[in-house]
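# Close look at the chain arrangement
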Amino acid sequence: MTERRAKRRLMNEINVVPYIDVMLVLLVIFMITAPLISPGQIELPQIGKSLTPPVAPLEVIIKADGSLRLHDRATSGGEQKVSRTELVDAIKRKQAQNAEQAVVIAADKSVRYEEVTNVMDILQQQQVKKVGLLARPKS
C-alpha cells in the first residue's frame, strides 16, 4: 500500500525543465534580434513655432424657399444672398486666401435633403475642399 502512495506522489509533480529550456531559447532569440531592429524616427514639434489659429468656417445657408445665403463667421458681416455661381466664386476666393478655410452647409429643417446634396455636389465639382454639414442641437 505504501508503494501506491509513492507512485501517486510522483505523478502529482510537474517537470519544469522543458519550460526553462523554452524560456532560454526565447531569451537567446530576443537577444539576437533586438539589436537588428531599427527604431523609427519621430519628428517632434519644436518650441517657439507659432500655430495659426483655426479659421472660422464659411456657412452656406439654404433657406426654406431654396435660396442660398453665405455667412462669413470670421467677419462681423451678416448673411448675404448669393446665387449658386456667386457662391462658388466667393468660396473659391476665400480658399485662395486661406487654404484651411472650411465650408459648412446649414439648411432649414423644411428643406428637402436633395437640395443639400445638390449644393454639396456643386461644391465638389468645383474642387472646393473641406465641406461639412452643420447640425444644431435641439433646444
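The rules behind these values
Residues numbered from 1 in each chain as written. Predicted model: local features only at pLDDT ≥ 70, side-chain atom pairs only at ≥ 80, totals over all residues. Heavy atoms only, no water. UniProt positions renumbered as here; feature names shortened; annotations may be inferred. Salt bridge = Lys/Arg side-chain N within 4 Å of Asp/Glu carboxyl O. Helix = DSSP H or I, 4+ residues; strand = E, 2+ residues; numbered from the N terminus. Buried < 20%, exposed > 50% of the residue type's maximum accessible area, 1.4 Å probe, protein only. Contact = heavy atoms within 4.5 Å. pLDDT = per-residue confidence, 0-100. Core = buried A, V, L, I, M, F, W, Y, C linked by side-chain atoms within 4.5 Å. Pairing = 2+ DSSP bridges.

As annotated in an unreviewed UniProt entry, the protein carries the name Cell division and transport-associated protein TolR and comes from Nitrosospira multiformis. Word for word, the UniProt comment on the protein under Sequence similarities (unreviewed entry) is "Belongs to the ExbD/TolR family."

Bringing the pattern of salt bridges into the picture now. Pairs can form between side chains of opposite charge whenever their charged atoms are close. This structure, assessed with the given rule, holds 5 salt bridges. In this structure, Lys130 engages Glu100 in a salt bridge whose closest nitrogen and oxygen atoms are separated by 2.5 Å. Taken together, the residues Lys130 in the loop between α4 (113–125) and β5 (131–133) and Glu100 in the loop between α3 (84–97) and β4 (103–107) connect sequence positions 30 residues apart. Classification of Lys130 as partly exposed rests on a relative accessible area of 43%. Judged by its relative accessible area of 49%, Glu100 is partly exposed. Two residues, Arg112 and Glu114, come together in a salt bridge whose shortest N-O distance is 3.1 Å.

Okay, the side chain of Glu59 next. Relative to the elements of secondary structure, Glu59 occurs in strand β1 (residues 58–62). Here Glu59 is in contact with Arg69, Leu70, His71, Arg73, Val104, Ala106, Leu134 and Arg136, once residues within four sequence places are set aside.

What follows deals with the confidence of the model for the protein. Averaged over all residues, the pLDDT of the protein equals 81, while 83% of them reach at least 70. Considering each helix and strand of the protein separately, the mean pLDDT is smallest for helix α1 (residues 2–12), with a value of 58, and largest for helix α2 (residues 17–33), with 93.

Counting residues in hydrophobic clusters, the biggest one holds 17 residues, and the most contacted among them are Val60, Leu87, Ile91, Val119 and Leu123. Of all elements in the fold, only β1, β2 (68–72), α3, β4 and α4 reach the threshold of two or more residues within this core. Ignoring anything within four residues of it in the chain, the contact list for Val60 reads Leu68, Arg69, Leu70, Leu87, Ile91, Val103, Val104, Ile105, Ala106 and Val119.

With that settled, consider the pairing of β2. On a regular strand, each side chain points to the face opposite its neighbour's, so the side chains alternate between the two faces of the sheet. Residues of β2 alternate between two faces, with Leu68, Leu70 and Asp72 buried on one and Arg69 and His71 left unburied on the opposite face. One ladder, built from 5 bridges, connects β1 with β2; its direction is antiparallel. Bridged to Ile62 within β2 is Leu68. What sits between the antiparallel neighbours β1 and β2 is a turn of 5 residues, in which Gly66 has the positive phi angle 95°. When β2 meets strand β3 (residues 80–82), the two strands line up antiparallel, connected through 3 bridges. Looking at β3, one finds that Leu68 is bridged to Val82.

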